[in-house]
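Commentary on secondary and tertiary structure
Single-letter residue listing:
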Amino acid sequence: MIIQLLGTNAVFAGLMGVVIGLVTQVYKNWKRKSCEGLSLWWIALAGYSYFSWLMYGMARRDVFLFIPQLLGTFCMVIILCQFWIYRKNK
């Protein structure tokens with residue numbers, strides 16, 4: 001029971017970080033058609049971190065790790081694509 005409660009809280013906290021931070025960044029980049037001010041190294045490192053935790057959650061079959069990391073990985077891939085597309089426009 002306590003594990004389920006802690007896991008649910010962790011998923012909620014992870015999703016809030018992704019939804020408030022990454023989804024907002026994806027929208028800002030799309031609206032401005034620019035990734036100016038973002039560091040490619042930060043994007044790559046954050047994407048690697050999300051992907052690593054995603055793989056770990058899959059290996060452990062832990063839905064509490066898997067759900068927020070999947071969304072985070074997806075958003076980081078979008079940001080990397082935006083960085084690449086908008087950099088070509090300069």
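Above this text you will find the structure in question.
Now for a quick tour of the structure. (Residues numbered from 1 in each chain as written. Predicted model: local features only at pLDDT ≥ 70, side-chain atom pairs only at ≥ 80, totals over all residues. Heavy atoms only, no water.)

1. Focus: the packing of aromatic side chains
Here the structure, examined in full by the defined rule, presents two aromatic pairs. Between the aromatic rings of Y27 and W30, the centroid separation amounts to 5.9 Å while the plane-to-plane angle is 40°, which identifies the pairing as tilted. Separated by three residues within a single helix, Y27 and W30 lie in helix α1 (residues 2-32), roughly one turn from each other. Ring geometry for W53 against Y56: centres 5.6 Å apart, planes inclined by 90°, an arrangement best described as edge-to-face. Separated by three residues within a single helix, W53 and Y56 lie in helix α2 (residues 40-60), roughly one turn from each other. On the basis of relative accessible area, Y56 is assigned to the partly exposed category, the value being 40%. (Phe/Tyr/Trp six-rings, centres within 6.5 Å; stacked < 30°, edge-to-face > 60°. Helix = DSSP H or I, 4+ residues; strand = E, 2+ residues; numbered from the N terminus. Buried < 20%, exposed > 50% of the residue type's maximum accessible area, 1.4 Å probe, protein only.)

2. Concerning a nonpolar patch on the surface
A cluster of nonpolar residues, F12, M16, V19, I20 and V23, forms a patch on the protein surface that exposes about 440 Å² of accessible area. As for its position among the elements, F12 is in helix α1. The class for F12 is exposed, based on a relative accessible area of 51%. (Patch = residues over 30% accessible without salt bridge, like charges linked within 9 Å, V, L, I, M, F, W, Y side chains within 5 Å. Areas by Shrake-Rupley, 256 points an atom, 1.4 Å probe, with all protein chains shown as cover. Salt bridge = Lys/Arg side-chain N within 4 Å of Asp/Glu carboxyl O.)

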